Amino acid sequence: MSEAFDHYEQLLRAYIGEKADTILKAPAHYLKHPFVDPGSIYDGNLWDWDSFWAVYALLNMAEDESRDRYIAHAKGNIFNFLDYQLEDGYIPMMIEKSKLPEPYLIGKRKEGHIMNMHKPFLCQQVAIISGACGDYSWIEPHLEQLERYFDCYDRFYYHENSRLYVWADDVMIGMDNDPATFGRPRFSTANIYLNSFMVSDMKAFSSITAHLGRSELQSRFDEKAAELSKAIQEECWDQRDKFYYSVDVDIKTRAYDWFHTGLGVFWRTLPIKIRVWSGFIPLWAGIADDRQAALLAELHAADKNTFNSPSGMATLAQDEKMFDCRATNNPSNWLGPVWIVANYVVFRGLMNYGYVKQAEELCMKTVTLLGRDLEKTGVLHEYYIPETGEPVMNGGFLNWNLLVLNMIDEMRGKPPISSFLGIHFP
């Protein structure tokens, strides 16, 4: 590490240490339990994957005097979401401040609208909380609710022919304007993001049930994770491009009069060949084999024309025609800007498979990016221009920007929080 790295690390540790508690919120409006919000313009709102990554970072930072406080707010996230689970198992993606009589997404679901539900981070968050505090008993009374959450995914979002899960639409999918889903027909995209993180959420639930001695549930979800991993390998891995893609599942023989009565469509999906950073998530979830990991690390993550920018991982390959880094919110822009959560997930994936040198490079870029922003503007931002490192919007954003400290600590040998997820690697 360099002198500049050490300087930026000190700045970031001081800033994050000072600001971390500002995203810990007391119960308010619909939320009956303490919770964690992303900060900045998202103050007072509870989000699914956002809260997972904030807790993931906070638990890495936790010391004796802060651990109980962080764990209380992390458990509060879970209890708040479970408070709004409907009878069919649906849990909303977000619970926001509002003057409506109930959260917006709950109201829409009760009206009969099938919208996207809580992204597959619920059990991952439960697992890291339980592992960090060494206690799984707090969630045991809620196991049936967690089962119904998965059952809801199976009932409304599982595509039988492809054996993959699909987004209902392009609303609040995490990577808001991912071209593999954004603007496409409802229920047509089996997104690699959704399916890869679903594998790790299933593995997390298996780990939770193993700690609680529920062997029947553990076996069931081990099998579900293995079956989904197999479907991802068969449908999403592209043998020619050596990359994981989201896929179109709206595939069937469309007959007309006496046309198309011979050989019909026998393939299950069509690849949506847009190179998005989410093609690396199988490294996080332990889906990729060693050969695929080598190709992702040495071919794609290293390519300066596509993903490897001076500021870290471009969220969309820089030579895609949709590449565009302009400021936008609702949807947020994932068409190329660097997001720290993408940097961290790829970093952790590289580490998982032994690509330490590449991971270290990504860590150094992330520390430099955020350190320079903090030094220049006094705050951190939501996302950044890959080539220049200039911040795009939402100064004061914290949330998964805190993951920069996870990267530094893990480079120095600290076990990752992901070790509580029950994910194994080749």
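Right above here is the structure, for reference.
Computed from a prediction, not measured in an experiment: that's the story for all the values here.

Definitions and limits used
- Residues numbered from 1 in each chain as written.
- Predicted model: local features only at pLDDT ≥ 70, side-chain atom pairs only at ≥ 80, totals over all residues.
- Heavy atoms only, no water.
- Helix = DSSP H or I, 4+ residues; strand = E, 2+ residues; numbered from the N terminus.
- Rg over C-alpha atoms; globule rule 2.2 N^0.38 Å.
- Buried < 20%, exposed > 50% of the residue type's maximum accessible area, 1.4 Å probe, protein only.
- Contact = heavy atoms within 4.5 Å.
- Areas by Shrake-Rupley, 256 points an atom, 1.4 Å probe, with all protein chains shown as cover.
- Lys, Arg positive; Asp, Glu negative; His and termini not counted.
- Charge placed at Lys NZ, Arg CZ, Asp CG, Glu CD.
- Disulfide = S-S within 2.5 Å.
- Phe/Tyr/Trp six-rings, centres within 6.5 Å; stacked < 30°, edge-to-face > 60°.
- Lys NZ or Arg CZ within 6 Å of the ring centre and 35° of its normal.
- Axes fitted to C-alpha atoms, helices over the stretch in contact; angles between N-to-C directions.
- Left-handed = near helix turned anticlockwise from the far one by under 90°.
- Nonpolar A, V, L, I, M, F, W, Y, C, P; charged D, E, K, R; others polar.
- Patch = residues over 30% accessible without salt bridge, like charges linked within 9 Å, V, L, I, M, F, W, Y side chains within 5 Å.
- Salt bridge = Lys/Arg side-chain N within 4 Å of Asp/Glu carboxyl O.
- Expected span 1.5 Å × (residues − 1).
- Polar contact = N/O pair within 3.5 Å; in protein donor to acceptor, adjacent residues only side chain to side chain.
- Pairing = 2+ DSSP bridges.

Peer 1: What is the right way to look at the overall build of the protein in this model?
Peer 2: Looking only at helices and strands, the protein features 13 helices and 15 strands. Since a compact globule built from 426 residues should have a radius of gyration of about 22 Å, the 21 Å found for the protein is in line with a globular shape. For the protein, the spread of C-alpha atoms along the three principal axes comes to 70 × 50 × 45 Å. For the protein, the residues scored as buried account for 61% of the 426 residues in total. Taking all contacts inside the protein whose residues are at least 6 apart in sequence as the whole, residues at least 24 apart take part in 72%. About 16,600 Å² of surface is accessible on the protein, with carbon and sulfur atoms providing 52% of the total. Averaging the coordinates of the 41 positive side-chain charges in the protein and doing the same for the 58 negative ones gives two points 3 Å apart.

Peer 1: Can you help me understand the state of the cysteines in this one?
Peer 2: Two cysteines form a disulfide when their sulfur atoms are joined by a covalent bond. Across all of its chains, the model carries zero disulfides by this definition. Cys 133 carries a free sulfur, and the closest cysteine sulfur to it, the one in Cys 123, is 15 Å from it.

Peer 1: Help me understand unusual backbone geometry, please; the structure alone is not making it clear to me.
Peer 2: Negative phi is the rule for most residues except glycine; trans is the rule for most peptide bonds. Residues Asn 330 and Pro 331 are joined by a peptide bond in cis, for which omega reads 10°. Looking at where Pro 331 falls in the secondary structure, it is placed in the loop between β13 (312-313) and α11 (340-352). Positive phi, normally seen in glycine, also occurs at Arg 163, with a value near 65°. Looking at the secondary structure, you find Arg 163 in the loop between β5 (158-159) and β6 (164-165). In the Ramachandran plot, Met 172 falls in the positive-phi region, its phi being about 55° despite a non-glycine side chain. Residue Met 172 is classed as buried on the basis of its relative accessible area, which comes to 17%.

Peer 1: Looking at this model, I keep getting lost on the packing of aromatic side chains. Mind explaining?
Peer 2: Any two aromatic rings considered together are summarised by their centre-to-centre distance and by the angle between their planes. Applying the stated criterion to the full structure yields 44 aromatic pairs. With centroids separated by 4.2 Å and ring planes inclined at 25°, the aromatic side chains of Trp 258 and Phe 259 adopt a geometry described as stacked. Geometry around Phe 156 places Arg 109 over its ring, the cationic atom sitting 4.7 Å from the centre.

Peer 1: Is there a simple way to explain the packing of helix α2 (residues 48-61) against α11 in this structure?
Peer 2: Running from N to C, α2 and α11 cross one another at 65°; their axes reach a closest spacing of 12 Å. Of the two elements, α2 crosses α11, and the hand of that crossing is left-handed. Contact residues: Trp 49, Trp 53 and Tyr 56 in α2; Val 341, Tyr 344 and Val 345 in α11. In terms of residue class, the contact of α2 with α11 is made up of six nonpolar, no polar and no charged.

Peer 1: Looking at this structure, I do not really get a negative patch on the surface. What am I missing?
Peer 2: On the surface, Glu 63, Asp 64, Glu 65 and Asp 68 cluster together into a patch of negative charge. Residue position: Glu 63 is located in the loop between α2 and α3 (64-83).

Peer 1: What's the story with the side chain of Asp 238 in this structure? I'm lost.
Peer 2: The residue Asp 238 is located in strand β8 (residues 237-238) in this model. Here Asp 238 is in contact with Phe 243, Tyr 245, Pro 271 and Lys 273, once residues within four sequence places are set aside.

Peer 1: Is there a simple way to explain a nonpolar patch on the surface in this structure?
Peer 2: Judged by side-chain polarity, Leu 263, Val 265, Phe 266, Trp 267 and Leu 270 come together as a nonpolar surface patch covering roughly 540 Å² of accessible area. Positionally, Phe 266 belongs in the loop between β10 (247-248) and β11 (270-271).

Peer 1: Please explain helix α7 (residues 192-211) as it appears in this structure.
Peer 2: Because an α-helix completes one turn every 3.6 residues, residues spaced three or four positions apart along the sequence face the same direction. Here α7 spans 29 Å end to end across 20 residues, near enough to the 28 Å set by a 1.5 Å rise per residue. Along α7, 18 of the 20 residues are buried, which leaves the element largely enclosed by surrounding structure. For α7, the capping residue at the N-terminal end is Asn 191, with a side-chain oxygen 2.9 Å from the backbone nitrogen of Tyr 193. Where α7 terminates, the next one or two residues include Gly 213, which has phi positive at roughly 70°.

Peer 1: How should I be thinking about the pattern of salt bridges in this particular structure?
Peer 2: On inspection of all chains with the given rule, the structure shows 31 salt bridges. Salt-bridge contacts for Asp 169 lead to Arg 186; the nearest nitrogen and oxygen are separated by 3.1 Å. Note that Asp 169 is positioned in the loop between β6 and β7 (189-190) and Arg 186 in the loop between β6 and β7, a separation of 17 residues in sequence. The class of Asp 169 is buried, set by a relative accessible area of 13%.

Peer 1: What am I meant to see in the sheet that holds β7 here?
Peer 2: The strand order across the open sheet formed by three strands is β7-β10-β11, and the pairing between neighbours is antiparallel. Here the strands that pair on one side only, and so sit at the sheet edges, are β7 and β11. Bridging between β10 and β11 involves two bridges; their strand directions are antiparallel. Across the sheet, Asp 248 pairs through a bridge with Leu 270, a residue of β11.

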